[in-house]
Amino acid sequence: MGKVKVITDSNSGITQEQAEELGIVVVPMPFFINETQYFEGISMSQDDFYRALLDSSAEVSTSQPSPEAVMDLWRKELAESEEIVHIPMSSGISSSCATALMLAEEDEFAGRVFVVDNQRISITQRRSVIQAKELADLGFSGQEIKDILLRDKFESSIYIMVDTLKYLRKGGRLTPAVAAIGTVLRIKPVLQIQGERLDSFAKVKTLKQAKQTMIKAVTSDMEKRFADSGQMLIDIAHTQNWEEAEIFRQELEQIFPGQDIYIDNLSLSVSCHIGPGALAVALSNTPKELMRG
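Source: prediction; values computed, not measured.

## Side note on helix α9 (residues 207–225)
- Given a rise of 1.5 Å per residue, 19 residues ought to cover 27 Å, and the 25 Å separating the end C-alpha atoms of α9 matches this to within 8%.
- For α9, the complete set of buried residues consists of Ala-210, Lys-211, Thr-213, Met-214, Ile-215, Ala-217, Val-218 and Asp-221.

Here is the structure:
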């Protein structure tokens, strides 16, 4: 019987197959296409999703798992583990975190389920999940793991080049006027996620300029903002942009030698709002409890 089970959702980018290999559980996030519900990695593939997203007549929206589904999963896992560390998508971007926090206060889960709102998403969320599993394997309790992840929750950055403003506009993230101007001027905005907020960072017109902007931002974070944060890890995420992601990895590895840079798809529930062609770079810290040497 394992002491601590780590659970996350598919916004982390961790697939069902990867979850099985890692010994964790991934809750598939639901989304709707033309009012039909699908679950990432279970009832729809990445390729099928993007075909639907590119169909201008398709209505695509995101949702969250039902409270009953979450509680049933917790009950199942608690039958085999003493505690659960549940790491959902950032509360600033999804209401699923607030729901999980509320459910964890129920008498049957209190003191056994530890929901971590460390305001991560995508590849930074993935890093937190893997680190939580490593901490659990080292014997840390659910409360201790939660405390460590919350202590370090602002030790991360994400910079995202969005190829088109169309999907941000459709999702209500931009006003129609701003989106229209961006389309006319062929602007490729670079957005940032610092903690729970998704904000604009820079406006550029080419992929090359976007990558230069993101590299400069990462370099500044490493030298200034995270100078005292210990070992920082670099990762790349994208939406149907594998070729450029691989090129970007090679460029970053030349600038930051020794980094083992992971490339991942942005989850489908995130891609709904960003669209294809996006490219992102992220920084995540390594908790001092996992530092080597």
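Moving on, there is more to tell.
## Regarding the layout of surface pockets
- In this structure, the second largest pocket spans a volume of roughly 260 Å³.
- If you trace the second largest pocket, you find 18 residues lining it, with Gly-13, Thr-15, Glu-40, Gly-41 and Gln-46 closest to the centre.
- Elements supplying a minimum of two residues to the lining of the second largest pocket: α1 (16–22) and β12 (262–265).
- No other element matches β12, which puts four residues into the lining of the second largest pocket.

## Description of the packing of helix α3 (residues 67–78) against helix α4 (residues 96–103)
- The N-to-C vectors of α3 and α4 enclose an angle of 55°; their axes lie 11 Å apart at closest approach. Of the possible angle classes, the one that applies to α3 and α4 is oblique. Between α3 and α4 the crossing geometry is right-handed. The residues of α4 that touch α3, namely those facing Pro-67, Val-70, Met-71 and Trp-74, are Thr-99, Ala-100 and Leu-103.
- In terms of residue class, the contact of α3 with α4 is built from six nonpolar, one polar and no charged.

## Thoughts on the confidence of the model for the protein
- For the protein, per-residue confidence averages 88 on the pLDDT scale, and 92% of positions sit at 70 or higher.
- Ranking the elements of the protein by mean pLDDT puts helix α8 (residues 176–184) last with 58 and strand β7 (residues 113–115) first with 98.

## Topic: empty space enclosed by the protein
- Inspection of every chain in the model, using the stated rule, returns two cavities of 30 Å³ or more.
- Approximately 110 Å³ is the volume found for the largest cavity.
- Every residue lining the largest cavity is counted, 13 residues in all, and those nearest its centre are Pro-65, Val-70, His-86, Ser-96 and Ala-100.
- At the level of secondary structure, the elements contributing two or more residues to the lining of the largest cavity comprise β1 (2–9) and α4.
- Top contributing element to the lining of the largest cavity by residue count: α4, with four residues.
- Considering only residue class, the lining of the largest cavity consists of seven nonpolar, five polar and one charged.

## Looking at the packing of aromatic side chains
- Throughout the structure, instances matching the rule amount to five aromatic pairs.
- Ring geometry for Phe-31 versus Phe-49: centroids 5.4 Å apart, planes at 85°, classification edge-to-face. A residue pair is termed long-range when its members are at least 10 positions apart, and Phe-31 in strand β3 (residues 30–33) and Phe-49 in helix α2 (residues 46–54) qualify at 18 residues. No difference in accessibility class separates Phe-31 from Phe-49, as the two residues are buried.
- Positioned above the aromatic ring of Tyr-262, the side-chain terminus of Arg-126 is 3.5 Å from the ring centre.

What counts and how
Residues numbered from 1 in each chain as written. Predicted model: local features only at pLDDT ≥ 70, side-chain atom pairs only at ≥ 80, totals over all residues. Heavy atoms only, no water. Helix = DSSP H or I, 4+ residues; strand = E, 2+ residues; numbered from the N terminus. Expected span 1.5 Å × (residues − 1). Buried < 20%, exposed > 50% of the residue type's maximum accessible area, 1.4 Å probe, protein only. 1 Å grid on protein atoms, 1.4 Å probe; cavity = no way out; pocket = protein on both sides within 12 Å on 5 of 7 lines; lining within 4 Å. Points joined across faces, edges and corners; volume = space filled by probe spheres on them. Axes fitted to C-alpha atoms, helices over the stretch in contact; angles between N-to-C directions. Parallel < 35°, antiparallel > 145°, perpendicular 65-115°, else oblique. Left-handed = near helix turned anticlockwise from the far one by under 90°. Contact = heavy atoms within 4.5 Å. Nonpolar A, V, L, I, M, F, W, Y, C, P; charged D, E, K, R; others polar. pLDDT = per-residue confidence, 0-100. Phe/Tyr/Trp six-rings, centres within 6.5 Å; stacked < 30°, edge-to-face > 60°. Lys NZ or Arg CZ within 6 Å of the ring centre and 35° of its normal.

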